[in-house]
Amino acid sequence: MDMDLKDFMEFVQTTARSVGAEISSPWFYLQFGLILAAAGIAYAADTAIRNRVDMSSLAMRWPLPLRHFARVMVSSASTAVFTLLVIVSRVVMYHATWPSRSYLLMVAAKLGFAWLVIRLVTTVLRNAFIVRLVSITAWFVAALSILGQLDTTVDLLDAYAIVLGGLRLTPLLVLKAGALLLIALWATNIASNFAESRINATTDLTPSVQVLLVKIIRIGLLAIAIVIALGAVGIDLSALAVFSGAVGVGIGIGLQKIVANFISGIILLADKSVKPGDLVTIGDNTGRISAMKTRYISVAAGDGREFLIPNEDLVTQKVVNWTYTDKNTLVKIAFGTNYDADPRLVTRLAAETAAAHPRAQKGKPPNSILTEFAEAGMKFSLTFWIADPDGMDNVKSDVMLALWDAFKREGIRVPYPVREIRIRGGALPVETTVEVPN
């Protein structure tokens, strides 16, 4: 460790002497001034280009690679102009004086060109945070390489280590593992998205089986990516066995609900009790299942709301699935009439009204029966079948409105509560106030 610290101090002193010698030269200030001038011109050129160029319609008829390149160059116009101006200044000074007197311009040109290349490559990524992280990291590595300090930095990062069992953990190892994991997860995401699109396009599989296969593929690819990335940097997975007991306890206690919901989701996909597109009622919530996730299902209520219900609730609670085996739905309507009406006429009108609705199934005729002689009037029940539970409330409303019109035509009245108040023993006392004039 003392030798490592000594080497580090020598590296710092050597770097400081080199920088001091460079700063003391008058050519340094000339190069620095040229770089500042190039930066100012590049900033002005970038503003002018962005104001004149419409990014949405830029190179629309060009081939995709050329269109992609043009849009990246326009979005990075300041860097491109800066790099071009610095390269021109470098060439002029290289031929006008000693090459060493334009070293700073050469470094600035290489750094600008490296950033352009990185911007062009990282545009294939979709996540803005990942793009920013990869771009900064890659440019930092390129800068160390351009300055000739990459090998020294690598040795320095590998000099300090923490030994955990049979694992030697260094900053360099952590950075390599993180970079490889990022690349592996990106490749895994592309592969899983491709597999998901192919599985969803297969008409021979039910929606629940499609979701189950997609989840299995994603988990499998993720596990393979982690194993490959850790193995590529030389991490022996058996060295991590020491932490398996603690991780198991943490999962069992701290992540109990998450694991329960995950296992419940696998069970739901395997037994096909619910699947995307089913109309379900869970407690007071009714709607169609729009998505099945690892932890929850999303139930669209039809009014803009979506209920996120944990998978465990579907396994342990009562669930009404309106489309589990058959989409045919029985619609029930309760109504009443007064005792002046003919009950046989009422039942016939109700059945005919329901049968006239366009969504009523013709193969299953409606049925209307008299259910009770109540205090306020007679009570009836009307039932009929529709092919799909979607819009069942609208169908019920249409039939009830049509039934109301039929009752009006036939002079049938619907009972409503009437209260009579009879006063015995004289009139109620009423207080009066007499004003006496002054």
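The numbers attached to residues start from 1 for each chain and follow its sequence in the written order. At least 70 in pLDDT is required for a residue's local features to be given in this predicted model, at least 80 for side-chain atom pairs to be given and counted, and no such filter applies to totals for whole chains, interfaces and linings, which use all residues. Excluded from the side-chain calculation are hydrogens and water; included are all heavy atoms of the structure.

1. Details of the pattern of salt bridges
Any carboxyl oxygen of Asp or Glu that lies within 4 Å of a side-chain nitrogen of Lys or Arg is treated as forming a salt bridge with it. One pass over the full model with this rule turns up 6 salt bridges. Asp390 serves as the salt-bridge partner of Arg288, at 3.0 Å between the closest nitrogen and oxygen. Taken together, the residues span a long stretch of sequence, with Arg288 in strand 4 (residues 285–292) and Asp390 in the loop between strand 10 (378–386) and helix 14 (392–410) at a distance of 102 residues. Helical segments are the DSSP runs of H or I of at least four residues, strand segments are the runs of E of at least two, and each set is numbered from the N terminus.

2. Some details on the packing of aromatic side chains
Two aromatic rings, taken as a pair, are described by how far apart their centres are and by the angle between their planes. To pair, rings of Phe, Tyr and Trp, with the six-membered ring standing in for Trp, must have centres within 6.5 Å; the planes then decide the type, stacked if under 30 degrees apart, edge-to-face if over 60, and tilted in the middle. Enumeration according to the criterion identifies 3 aromatic pairs in this entry. Ring geometry for Phe335 and Phe380: centres 5.4 Å apart, planes at 10°, overall stacked. Placement of Phe335 in strand 8 (residues 329–337) and of Phe380 in strand 10 is noted, with a sequence separation of 45 residues between them. Just as Phe335 is buried, Phe380 falls in that class too. Ring centres 6.3 Å apart and planes at 20° place the aromatic pair Tyr339 and Phe373 in the stacked group. Remark: Phe373 occurs in strand 9 (residues 367–373) and Tyr339 occurs in the loop between strand 8 and helix 13 (343–355); sequence separation between them is 34 residues. Note on classification: 1.4 Å probe, protein chains only; a residue is buried when its accessible area is under 20% of the maximum for its type, exposed when over 50%, partly exposed between these limits.

3. Remarks on the nonpolar core
One recurring pattern in soluble globular proteins: nonpolar side chains tend to sit buried together. Among buried residues, the Ala, Val, Leu, Ile, Met, Phe, Trp, Tyr and Cys ones that are joined through side-chain atoms within 4.5 Å form a nonpolar core. Of all hydrophobic cores here, the largest spans 21 residues; its most connected members are Phe335, Val346, Leu382, Phe384, Phe407 and Ile412. For this core, the secondary structure elements donating two or more residues are strand 8, helix 13, strand 10 and helix 14. The contact rule is simple, with two residues in contact once any of their heavy atoms fall within 4.5 Å. Discounting chain neighbours no more than four positions away, the residues touching Val346 are Phe335, Thr337, Ala341, Phe380, Phe407 and Ile412. Judged by nonpolar contacts, the second largest core, of 14 residues, contains Leu212, Leu269, Val280 and Leu314.

4. A closer look at the environment of Trp322
By the secondary structure assignment, Trp322 is in the loop between strand 7 (319–321) and strand 8. Between the C-alpha atom of Trp322 and that of Leu279, which follows or precedes it by 43 residues, the distance is 5.4 Å. Trp322 has contacts with Leu279, Val280, Thr281, Lys327, Thr329, Pro389 and Met392, leaving out every residue within four places of it along the chain. Within polar-contact distance, the side chain of Trp322 engages the side chain of Thr281 at 2.9 Å. In the analysis that follows, any N or O atom pair within 3.5 Å is treated as a polar contact, provided that within protein one partner can donate a hydrogen and the other can accept it, and provided that, for residues neighboring in sequence, both atoms belong to side chains.

5. Quick notes on the side chain of Thr83
Examined against the element boundaries, Thr83 turns out to sit in helix 4 (residues 77–96). For Thr83, a relative accessible area of 3% translates into the label buried. The contact partners of Thr83, leaving out residues within four places of it in the chain, are Ala109, Gly112, Phe113 and Leu116.

6. Digging into the packing of helix 4 against helix 5 (residues 103–122)
As a packed pair, helix 4 and helix 5 sit with axes 9 Å apart at the nearest point and diverge in direction by 150°. Accordingly, the angle class assigned to the pair helix 4 and helix 5 is roughly antiparallel. Where helix 4 crosses over helix 5, the handedness of that crossing is left-handed. Where helix 4 approaches helix 5, its residues Thr79, Ala80, Phe82, Thr83, Val86, Ile87, Ser89, Arg90 and Met93 are matched on the opposing element by Tyr103, Leu105, Met106, Ala108, Ala109, Gly112, Phe113, Trp115 and Leu116. Note on residue classes: Ala, Val, Leu, Ile, Met, Phe, Trp, Tyr, Cys and Pro are nonpolar, Asp, Glu, Lys and Arg are charged, and everything else, Gly too, is polar. Of the residues assigned to the contact of helix 4 with helix 5, the class counts are 13 nonpolar, 4 polar and 1 charged. Each axis is a line fitted through C-alpha atoms, taken for helices only over the stretch in contact, and angles between the N-to-C directions span 0 to 180 degrees. Roughly parallel covers angles under 35 degrees, roughly antiparallel covers those over 145, roughly perpendicular covers 65 to 115, and oblique covers all other angles. Less than a right angle of anticlockwise turn of the near helix away from the far helix marks a crossing as left-handed, whereas a clockwise turn marks it as right-handed.

7. Remarks on the UniProt feature "transmembrane region" (unreviewed entry) in the chain
UniProt positions are given in the numbering used here, feature names are shortened, and annotations may be inferred rather than shown by experiment. Cross-referencing UniProt, the feature "transmembrane region" (unreviewed entry) maps to residues 27–49, 69–91, 103–122, 129–150, 170–191, 212–235 and 241–269 in the present numbering. In the segment residues 170–191, helix accounts for 95% and strand for 0%; the C-alpha atoms at its two ends are 31 Å apart.

8. Considering empty space enclosed by the protein
Two kinds of site are reported from a 1 Å grid over the protein atoms alone, namely cavities, where a 1.4 Å probe fits but cannot get out, and pockets, open sets with protein on both sides within 12 Å along at least five of seven lines, and residues are called lining when an atom falls within 4 Å of a point. Grid points are joined across faces, edges and corners, and a volume is the space filled by probe spheres set on the points. Inspection of the entire model under this criterion finds 1 cavity of 30 Å³ or more. Taken as a whole, the largest cavity holds about 30 Å³ of empty space. What lines the largest cavity is Lys215, Phe262, Gly265, Ile266, Lys293 and Thr294. In terms of residues, the lining of the largest cavity owes the most to one element, helix 11 (residues 256–271), which gives 3 residues.

9. A short note on the sheet that holds strand 8
Across the sheet, which stays open at both edges, the 3 strands sit in the order 8-10-9 with antiparallel pairing between neighbours. The open sheet is flanked by strand 8 and strand 9, the only strands paired with a single partner. For this sheet, the mean angle separating the axes of adjacent strands, direction not counted, is 25°. Strand contacts of helix 13: strand 8, strand 9 and strand 10, with the helix running at about 25° to strand 10, the strand carrying the most contacts. Two strands pair under a simple rule: DSSP has to find at least two bridges between them.

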